[in-house]
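One-letter residues, chain by chain:
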Amino acid sequence: MDSFFFNELFTTMSNADAIAKRRTFGIIAHPDAGKTTLTEKLLLFGGAIQTAGAVKNNKIKKTATSDFMEIEKQRGISVATSVMAFEYRDKQVNILDTPGHKDFAEDTYRTLTAVDSVILVIDCANGVETQTEKLMEVCRMRNTPVIIFVNKMDREGKDAFSLLDELEEKLSLKVRPLTWPIGMGDRFKGVYNIYGKSLNLFQASKTKRAEDVVSIDSLNDPLLDELVTPQFGNELREELDIIDGVYDPFDRNRYLNGEVAPVFFGSAVNNFGVQELLDTFIDISPSPIGRESDSRFVEPDDKKFSGFVFKIHANLDPKHRDRIAFLRIVSGKFERNKFYHHVRLDKNFKFPNPTSFMAQEKSVIDEAFPGDVVGLYDTGNFKIGDTLTEGEDMMFKGIPSFSPEIFMELENLDPMKSKQLDKGIHQLTDEGVAQMFVMQPGNRKIVGTVGMLQFEVIQHRLINEYGANCRFTPKNYYKACWLTSDSTQQLTDFTRAKANYLAKDKDGNLVFLAETQFLLTMAEQDYPEIEFHFTSEFKLKK
Ligand code: G4P
């Protein structure tokens, strides 16, 4: 899709049309379930890429943990794939990419604040995995609509009914199969489309779309037995009877409220089941939805422009320290070269080169609409969570921070460079590479991440981009929790008793660094009037 076409498209469209046209979503999965493969297949179907492999090669490979150049290179490439847009059946589909590497899970959580729905990919053999649960927790916080794709049906996996039970149990959500597999692994015959009443016969093909779709009049059609054998035909009839008895009919409103997730079965690598998934996604997924701010709920059809930054990407080239801030447009129309209000800094900025990221190319755009993501060149003015408006003083809520899992104390190895170190670590944590807690009182800095890879990235970037040399010493903290209380007395007592374990986060919120689950439970029991929050999302409740 060329950029000229998109620019044309943008300029001739009214806000209402543009909103109705857009579908902004993310694909989430535990690593290896098939997220990259599915993304690529969707792009192929949408005509956004022509060859397989284009997305896959951008993936941060698990083996890259100690290869800095590889990480840097891939970080750079991933800018291009941060947003992948294509047109399909008159809709503009925006896929927001989420990093596959588990050490970058925080990035994914933040990206989920910028989507309107998600597709969750499950490996049929592994079912619900740890990362799946965490990601879904974030989706549930905002009732994000979810479609589930059970992948790798060409391999031996768990029984489909057990998988559905597992999904409901572990993800605390109702499911509703819309297609149903016939056999699996070597005996995988295909899927039956429950509502479309058609049979999609499996053929392993990595390059073309599965074309073997057969309509059957009813489940009693002898053609069914002919195509999949009478044994599989009967099995399918019995299983569909059970489905009708156990699961409520699909209800789109319940899906849009995040209460029920439609389920599809297929094999991404074989292009199988992807078409049904995409078509249903286009039919049922929400157009851009509004967002809660600290003063009001902002609807997408609000006349005035507003948006928030959910991701910041540093320049690959250390000589140019500019960054790209990714802005999700919530309402109104964003225009190039128009002054907008940066609420936190109380300053106005205009953007001469706002960029859209198509699947393979970047291009400067003149306008963008709710649901779109634009890249803004930034010289250090943006932090994750910043809001831009046409003048209104409001901040969008809900860019969550979670408790990190690994904590290290940052030590300066070169006293002459302490300013550089300070600046570097602040900028890197603004980008969301890690979280930083400053011990109270004092200036000792604890850096927290979800994976070890970030420490290598930080150390490498501090030297290369800021000329600052540091060392990390492991700290034995189990969890960071944010504290709030209506009781000043208990808070004062707690602060006195736990003086060595208190820190402030970047926004000045009080944080308790608990060393063990036991000590945390004790603290919760001893100070019942203090609330211990495990995500910074508590700010939503204010
Ligand atoms: P991720 O982004 O969720 O981490 O997963 P990714 O798409 O990279 O897929 C992980 C592995 O699973 C890949 O194999 C991929 O080819 C394979 N895969 C994806 N979909 C299917 C499917 O439907 N059936 C089967 N059998 N395999 C599937 P790999 O060996 O890690 O990479 P590659 O050498 O195949 O590229």
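Above this note sits the structure.
As a starting point, this report considers the structure included with it.

Calculation rules
- Residues numbered from 1 in each chain as written.
- Predicted model: local features only at pLDDT ≥ 70, side-chain atom pairs only at ≥ 80, totals over all residues.
- Heavy atoms only, no water.
- Axes fitted to C-alpha atoms, helices over the stretch in contact; angles between N-to-C directions.
- Helix = DSSP H or I, 4+ residues; strand = E, 2+ residues; numbered from the N terminus.
- Parallel < 35°, antiparallel > 145°, perpendicular 65-115°, else oblique.
- Left-handed = near helix turned anticlockwise from the far one by under 90°.
- Contact = heavy atoms within 4.5 Å.
- Nonpolar A, V, L, I, M, F, W, Y, C, P; charged D, E, K, R; others polar.
- Polar contact = N/O pair within 3.5 Å; in protein donor to acceptor, adjacent residues only side chain to side chain.
- Pairing = 2+ DSSP bridges.

**Considerations on the packing of helix H12 (residues 418-430) against helix H13 (residues 453-466)**
- One way to put it is that H12 packs onto H13 with a least axis distance of 10 Å and a crossing angle of 125°. With respect to H13, the axis of H12 lies oblique. Here H12 and H13 pass one another in a crossing that is right-handed. Residues Gln 420, Leu 421, Lys 423, Gly 424, Ile 425, Gln 427 and Leu 428 of H12 pack against Ile 458, Arg 461, Leu 462 and Tyr 466 of H13.
- Per-class residue counts for the contact of H12 with H13 are six nonpolar, three polar and two charged.

**Focus: the side chain of Asn 200**
- Looking at the secondary structure, you find Asn 200 in strand S9 (residues 198-201).
- At a separation of 2.7 Å, a polar atom in the side chain of Asn 200 contacts the side chain of Glu 276.

**Some thoughts on the sheet that holds strand S1 (residues 22-29)**
- Strand order in the open sheet made by the seven strands is S2-S3-S1-S4-S5-S11-S6, with mixed pairing throughout. Looking at which strands have only one partner, the edges of the open sheet turn out to be strand S2 (83-88) and strand S6 (174-177). For this sheet the average axis-to-axis angle between neighbouring strands, irrespective of direction, equals 30°.
- Against the sheet, helix H11 (residues 274-284) contacts S1, S2, strand S3 (91-96), strand S4 (117-123), strand S5 (146-151) and strand S11 (260-265), and its axis sits at roughly 85° relative to S2.

**With respect to the sheet that holds strand S28 (residues 479-485)**
- Reading across from one edge, S27-S24-S26-S25-S29-S30-S28-S31 is the order of the eight strands in this open sheet, with antiparallel pairing throughout. Every interior strand has two partners, whereas the edge strands, strand S27 (470-475) and strand S31 (530-533), have only one. For this sheet, the mean inter-axis angle between neighbouring strands, taken without regard to orientation, is 40°.
- Relative to strand S30 (residues 510-514), strand S29 (residues 502-504) is paired through three bridges, and the arrangement is antiparallel. By the bridge assignment for S30, Lys 504 is matched with Leu 510.

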